[in-house]
Amino acid sequence: MYNISEPDISKREMPAQPKTIEIQNLPRECHQALILAVLAGGPTQGFHGYRLALELEQKSGGAFRFNHGTLYPILHKLEQDGQIAGDWLDEPGKRKRKRYSLTEAGRRRLAEQATAWLGFFDRFFAVIGEVGR
Amino acid sequence: MNRFAGVLKEVNRTLDLPQPTRSRILLEMAGDLEDLYRHHLSEGLDEAEAARRAEEAFVASEEALRRLARIHEKGGDWADRLTRQLRTLWEKALLVLWLVAVILLVGKAATEERLFLVRSPFVWPLMILAVAVLALGVWKLYQLFVKKRLDVRRLRSGLSGLLFLAAASLMVSACGFLYHLRWYAFQTFEGAPETVFRMFGTWTLAISSMAIIGLLTAVLAAMVWFVLANLIAGIENREADALLAN
């Protein structure tokens, strides 16, 4: 789980109940980076929307759980920006389904995002690390 | 009957988007809902519980749906807005009449000898574009009505080509106009005064034939695109209607 404690700085005590960070509360850039990362680590033909959410949940050990309804705005924005490509599949006996795969632009964006987030968390933990221990 | 009609109806009600875009979103959600339901079944849940969990996972907040609508509003679903499916018989009849008139005009222009009395070299690329428009239009109609290929996503994939051909036709005409204008200006500048009227006549004949073919090709391409886009939107809407039926 991706947990973070909220220290009481004045008393230097750990809270009894550590709070879980909800993925819905993270910024949109973070959602996009996570989706791009799951697609980068998946098969070349990509994932269906529902599978993407399940993969993300599994990879994060259940910590990052997307409501599927909130996933579509992120997917459609990424598709519109050309970072992922949506492809419709029409298999016999099955409903038409849309599958998403990573584009070259998406791969570049993911590399930029990874560097940016690493830099951000380096500084973040440099500030709160001492207090959190 | 669709077991997830309730969720999809709610999305359909809340999403403020043109019907073709909304239908595509509903189709995508329906596919994912069904897959998630099957995934839960494979985990050993009974049908009712699997359906409940799948529905629960897909309940989108109004805010998420508003964001989705904003993305499609900003993101160039202008084509869908333009091709809101024609509803009444009158609208359809008018469109067919208009298309037939444009095709007849193009045919008449292309076979009229006087039009090519002074032939601009730009007429040839325009003729090629017109043939490409007709070929693409006929191919799509063949897929729709003869082969009965109802995979609308693939049918839709070539449609933007028609708009590209329309734009290309206008571009070629504009380039041709400037080329001939420049030619006329040089000839007038260098030529004797008595030849000016003849040159003007040559110039106007060349650019008028080119402009007629260029504009008709552009109108034809836009019309064929409009008709096909409406036919395909109709299929998508019927698919979405089937999903929403209880």
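Just so we're clear, the structure is a prediction, and the values are computed from it rather than from any experiment.

Rules and cut-offs
- Residues numbered from 1 in each chain as written.
- Chains lettered and ligands numbered in written order.
- Predicted model: local features only at pLDDT ≥ 70, side-chain atom pairs only at ≥ 80, totals over all residues.
- Heavy atoms only, no water.
- Contact = heavy atoms within 4.5 Å.
- Buried area = accessible area lost by both parts, 1.4 Å probe.
- Salt bridge = Lys/Arg side-chain N within 4 Å of Asp/Glu carboxyl O.
- Polar contact = N/O pair within 3.5 Å; in protein donor to acceptor, adjacent residues only side chain to side chain.
- Helix = DSSP H or I, 4+ residues; strand = E, 2+ residues; numbered from the N terminus.
- Pairing = 2+ DSSP bridges.
- Phe/Tyr/Trp six-rings, centres within 6.5 Å; stacked < 30°, edge-to-face > 60°.
- Buried < 20%, exposed > 50% of the residue type's maximum accessible area, 1.4 Å probe, protein only.

Trainee: Teacher, can you tell me more about the interface of chain A and chain B here?
Mentor: One frequent convention defines the size of an interface as the accessible area lost when the parts assemble. Between chain A and chain B, the contact holds 23 residues from the first and 30 residues from the second. The junction of chain A with chain B conceals about 2,500 Å² of combined surface from both sides, 57% of it contributed by carbon and sulfur atoms. The largest per-residue losses of area from chain A upon contact with chain B belong to Tyr72, Trp88 and Arg95 of chain A, which jointly make up 28% of the total buried on that side. For the pair chain A and chain B, the number of links is one salt bridge. Between Arg97 of chain A and Asp35 of chain B there is a salt bridge, with the nearest N and O atoms lying 2.5 Å from each other. The interface formed by chain A and chain B includes six residue pairs in polar contact (both at pLDDT 80 or more). Looking at the side of chain A that touches chain B, the elements with two or more residues in it are α2 (49-59), α3 (68-80), β4 (84-89) and β5 (97-102) of chain A.

Trainee: Before we go on, may I ask you to explain the sheet that holds β4 of chain A in this structure?
Mentor: All names here are of chain A. With antiparallel pairing, the three strands of this open sheet are ordered in space as β3-β5-β4. Here the strands that pair on one side only, and so sit at the sheet edges, are β3 (47-48) and β4. The pairing of β3 with β5 spans two bridges and is antiparallel. When the bridges of β5 are listed, His48 appears paired with Arg99.

Trainee: Where do I start with the packing of aromatic side chains in this structure?
Mentor: In this description, an aromatic ring pair is defined by two values, namely the gap between the centres and the angle between the planes. Throughout the structure, instances matching the rule amount to ten aromatic pairs over all chains. Considering the side-chain rings of Trp117 of chain A and Phe121 of chain A, the 5.8 Å spacing of their centres and the 25 degrees angle between planes classify their relative orientation as stacked. Within this pair, Trp117 of chain A and its partner Phe121 of chain A are both found in helix α4 (residues 104-132), separated by four residues, close to a single helical turn. Centroid distance Trp139 of chain B to Tyr142 of chain B: 5.8 Å. Interplanar angle 25 degrees. Geometry classified as stacked. Here Trp139 of chain B pairs with Tyr142 of chain B, and both are found in helix α7 (residues 123-146), just three residues apart, close to one helical turn. Judged by relative accessible area, which is 36%, Tyr142 of chain B ranks as partly exposed. Members of the aromatic cluster, joined through ring pairs, are Trp117, Phe120, Phe121, Phe124 and Phe125 of chain A.

Trainee: Can you walk me through the pattern of salt bridges in this structure?
Mentor: For side chains of opposite charge, pairing can occur when their charged atoms come near one another. Counted according to the given criterion, the structure contains eleven salt bridges over all chains. Measuring nitrogen to oxygen at the nearest pair gives 3.6 Å for the salt bridge that ties Arg51 of chain A to Glu55 of chain A. In this pair, Arg51 of chain A and Glu55 of chain A are both assigned in helix α2, four residues apart and thus about one turn of the helix distant. The exposure class assigned to Glu55 of chain A is buried, which follows from its relative accessible area of 18%. Residue Glu10 of chain B is joined to Arg13 of chain B by a salt bridge in which the shortest nitrogen-to-oxygen separation is 2.6 Å. Residue Glu10 of chain B and its partner Arg13 of chain B are located together in helix α1 (residues 5-14), separated by three residues, close to a single helical turn. The partly exposed category is assigned to Glu10 of chain B, whose relative accessible area is 39%. Among the ionic contacts, a cluster of salt bridges with common partners joins Glu49, Arg52, Arg53 and Glu56 of chain B.

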